[in-house]
Amino acid sequence: MRFLYGILYLLISIPLVGYAQVTVTFPTSRAVFQRDNFNKTTVNIGGYYSDCVDRVEARFVPRVAGQGVEAPLGGGWQAIHHTPSGGQFYGSMVVRGGWYELQVRAIRDEAVVGQDVVDRVGVGEVFLVAGQSNASGGDGLPSGPGAADDRVNSVDFQNLSQQGPISYANTQLPCPVFVHLDQETKTAPFGSYAWCWGAFGDRLVSKLNVPVMIFNAGWSGTGIRNWRESIDTQFSSVSFFGYPYPPGMPFGHLRLALNYYIAQQGYRAVLWHQGESDNYEQRSREDYRHDLRQLILNSRSLSGKPDLAWVVARASRFTVDGTSRIWPPVIDAQNDVIGLNSSDAAVALAHVFPGPETDPMVGSAYRTSDEIHFTSTVQIALAQAWVDQLPAAFFTGGSTPYLPTPPPSLLASCGGDNALSFSAPSGWTSYQWYAEADCNQVLNDQPQWTGTTGTYRLKAKDALHNTVFSPRVRVPASTATTVSTNGDRTVAAGGSIVLEVVATNGCNFNWSGPQSFSSTSRNVTIPNATTARAGTYQVKVTNSYGCQAQTALNVSVIASVETIASGNWNSTTTWSCGCVPGIDTEVVLNAGHTITVDGVLTHAKMLRLNGGQLEVKNGGNVQFNQ
């Protein structure tokens, strides 16, 4: 308890917490988001913090000069979330094509109280590869090189179990983790390794000066019939070579990539390289065209992307009875769907573009000994052939990109001493809560959920199974805040009541008291205290998680005091109230007591000598307010 010159300090303490921690959980490192045809997109940013925050700011800084445009322009900071609550933050920024370091900081009272960095975030181009072995590799074929440029990315996962490939219905995809596309990267969901796509990424990045993300749904040996039949998730298609595919495959991998990965990242085009097996089957032009149209149309309807772009390679070369041959009906069908032979809507489809013509790439200089598959060195030429079919106009208006779906923004509120209650936005058909690193073990399937200590994320799906993940949210070991006081307080009339809170995990303060007193300041001074100001003062403290604590303080205001011993006027041990007289206090000096005013100015309403003495020295003074 501290008393100075008629001022009463009411001390309220809350456990001390240090420098606020800020953690960005979305986007994650190496995420690439699809840009629009004007070279920009909206990047959402989310995460959590541990202490009081007024706002969260962010900026994107190009990792290498010339590989992007800083956001915001001028190199400053942009506020993405004002007055965040529940220990979580969420916002967004418009960013131009490039390869960036994302910097985020938290501000409290105009000072930086926490910061975090995501080392690599891209705005660029996202592709999905599909087809057969010359699209994906596999079956012991040699791979081309991994990407040399840091800006070429993928997800390292192949949908296989120890028993082999998995049906569409039984597939459980892990949480997406983005990686550099190295030679041995299994480009999710079913790519075997880099194949030609590392070299493709290098060349396209060099051409466009933006990063790329590549997924691969290709499956070696597949015919167009297998892709069309497996649109039915229960159907088990069998290849012309007698291989039985799991139900819903191979089309299931195309669907999974579109729904699971591409919904969140956005998308530019499917790169389709297939037709060799249909040469061996001797499929007719009409049959191949029908199946390819069905494949494209269903990829659009099942993902909710009616203008989904496809780039279709003209490919048919296969070795039959020891002779390498092409099959014109397949090439004609591919050109039909592209619209090179006719604009008839019954034949051609909109938003389908010509890919490379690979049949002319023939002989030992291009193909392995089977005269079907490309050698590892020629895969670089194959990559360049793909890049050549994607001119600048393709990215500025020729194709229609689909931009990223924003992650759900979660509201968090106090759920107890070690719990937070989360609420997801409406509009999704499925809500599934998971632990941080497990995207398949469902903890809860409701939009609202209360989690205890740990880190979690929400997986939300629409009616088409398009899937997005929320930023990871965190529940700390304790969400509680506490308030304590030292008991009743006393102040002399005319003095000041100082309500003082010593706290760092309390962010908001609400005081109430006599005569309709209220304040939202942490520290409050009530001057010229009168007896009407006596009574109970309450303070309610709210911390960064929305959890609250409160306490009540009883304040007495004394109108008249008398001496209980000789001593200094400004000593609390001199007076009956245990306080120092104020400007409105009546003072009585009792017999045998000498009160000294030594070199200071003191106050009282009036002074009555009841046998006591007042000694003023060294320029001291007593000012009366009668």
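Given the structure is predicted, the values throughout are model-derived calculations rather than measurements.

A. Molecular detail of the overall build of the chain. For the chain, the helix and strand inventory stands at 9 helices and 42 strands. In terms of overall size, the chain is more extended than a compact globule, its C-alpha atoms giving a radius of gyration of 37 Å where 626 residues would be expected to give roughly 25 Å. In terms of overall dimensions, the chain has a C-alpha envelope of 130 × 45 × 40 Å along the principal axes. Counting the 626 residues in the chain, one finds 55% classified as buried. Contacts in the chain between residues far apart in sequence, at least 24 positions, make up 69% of those at least 6 positions apart. Charged side chains of the chain number 41 positive and 48 negative; the gap between the two group centres comes to 4 Å.

B. Seen up close, the sheet that holds strand β37 (residues 586-590). Strand order across the open sheet formed by 3 strands is β35-β37-β40, with parallel pairing between neighbours. Among the strands making up the open sheet, the edge pair consists of β35 (560-562) and β40 (606-610). When the angles between neighbouring strand axes are averaged without regard to direction, this sheet yields 20 degrees. Bridge analysis of β35 against β37 gives 3 bridges, and the strand direction is parallel. Its bridge partner being in β37, Val 561 is matched across the sheet by Val 587.

C. Quick look at the nonpolar core. One finds Ile 45, Phe 60, Leu 128, Phe 200, Leu 254, Trp 272 and Trp 310 to be the most contacted residues of the largest nonpolar core, which totals 111 residues. The leading source of residues in this core is strand β10 (residues 111-131), at 9 residues. Among residues more than four places away in sequence, those in contact with Leu 254 are Leu 128, Ala 130, Ala 217, Trp 227, Val 270, Leu 295, Ser 299 and Trp 310. By size, the runner-up hydrophobic cluster in this structure holds 19 residues, among which are Val 491, Ala 493, Ala 529 and Val 541.

D. Spatial organisation of the side chain of Ser 237. Mapped onto the elements, Ser 237 comes out in the loop between α3 (224-229) and α4 (251-265). A polar atom in the side chain of Ser 237 sits 2.7 Å from the side chain of Asn 226. Within polar-contact distance, the side chain of Ser 237 engages the side chain of Glu 229 at 2.6 Å. Non-local contacts of Ser 237, meaning those with residues more than four positions away in its chain, are made with Arg 225, Asn 226, Glu 229, Tyr 243, Pro 244, Tyr 245 and Met 249.

E. Spatial organisation of the sheet that holds strand β38 (residues 594-598). Strand order across the open sheet formed by 3 strands is β36-β38-β41, with parallel pairing between neighbours. What marks the edges here is a single partner per strand, and that holds for β36 (567-568) and β41 (613-617).

F. Seen up close, the packing of helix α2 (residues 197-208) against helix α8 (residues 378-388). For the pair α2 and α8, the least separation of the axes is 8 Å and the interaxial angle reads 40 degrees. As summarised for this structure, α2 and α8 are arranged oblique, according to the angle between their axes. Note that α2 runs across α8; the crossing there is right-handed. Facing α2, whose interface residues are Trp 197, Ala 199, Phe 200, Arg 203, Leu 204 and Lys 207, α8 presents Ile 380, Ala 383, Gln 384, Trp 386 and Val 387. Split into classes, the residues belonging to the contact of α2 with α8 amount to 8 nonpolar, 1 polar and 2 charged.

G. Spatial organisation of the packing of α4 against helix α6 (residues 285-301). Following both chains from N to C, one finds α4 and α6 inclined at 30 degrees, their axes separated by 10 Å at the closest point. Between α4 and α6, the crossing angle belongs to the class labelled roughly parallel. Along this stretch, α4 crosses α6, giving a crossing that reads as right-handed. Residues Phe 251, Leu 254 and Leu 258 of α4 form the contact with α6, whose own contacting residues are Leu 295, Asn 298 and Ser 299. Partitioning the contact of α4 with α6 into residue classes produces 4 nonpolar, 2 polar and no charged.

H. Broad picture of the pattern of salt bridges. Summed over the entire model, instances satisfying the criterion amount to 20 salt bridges. Ionic pairing is found between Arg 105 and Glu 57, a salt bridge with its closest N-O pair at 2.7 Å. Note that Arg 105 is positioned in strand β9 (residues 98-108) and Glu 57 in strand β6 (residues 55-62), a separation of 48 residues in sequence. For the pair formed by Arg 105 and Glu 57, the shared burial category is buried. Here the residues in one salt-bridge network are Arg 30, Asp 119, Arg 120 and Asp 150, joined through shared partners.

Rules of the game
Residues numbered from 1 in each chain as written. Predicted model: local features only at pLDDT ≥ 70, side-chain atom pairs only at ≥ 80, totals over all residues. Heavy atoms only, no water. Helix = DSSP H or I, 4+ residues; strand = E, 2+ residues; numbered from the N terminus. Rg over C-alpha atoms; globule rule 2.2 N^0.38 Å. Buried < 20%, exposed > 50% of the residue type's maximum accessible area, 1.4 Å probe, protein only. Contact = heavy atoms within 4.5 Å. Lys, Arg positive; Asp, Glu negative; His and termini not counted. Charge placed at Lys NZ, Arg CZ, Asp CG, Glu CD. Pairing = 2+ DSSP bridges. Axes fitted to C-alpha atoms, helices over the stretch in contact; angles between N-to-C directions. Core = buried A, V, L, I, M, F, W, Y, C linked by side-chain atoms within 4.5 Å. Polar contact = N/O pair within 3.5 Å; in protein donor to acceptor, adjacent residues only side chain to side chain. Parallel < 35°, antiparallel > 145°, perpendicular 65-115°, else oblique. Left-handed = near helix turned anticlockwise from the far one by under 90°. Nonpolar A, V, L, I, M, F, W, Y, C, P; charged D, E, K, R; others polar. Salt bridge = Lys/Arg side-chain N within 4 Å of Asp/Glu carboxyl O.

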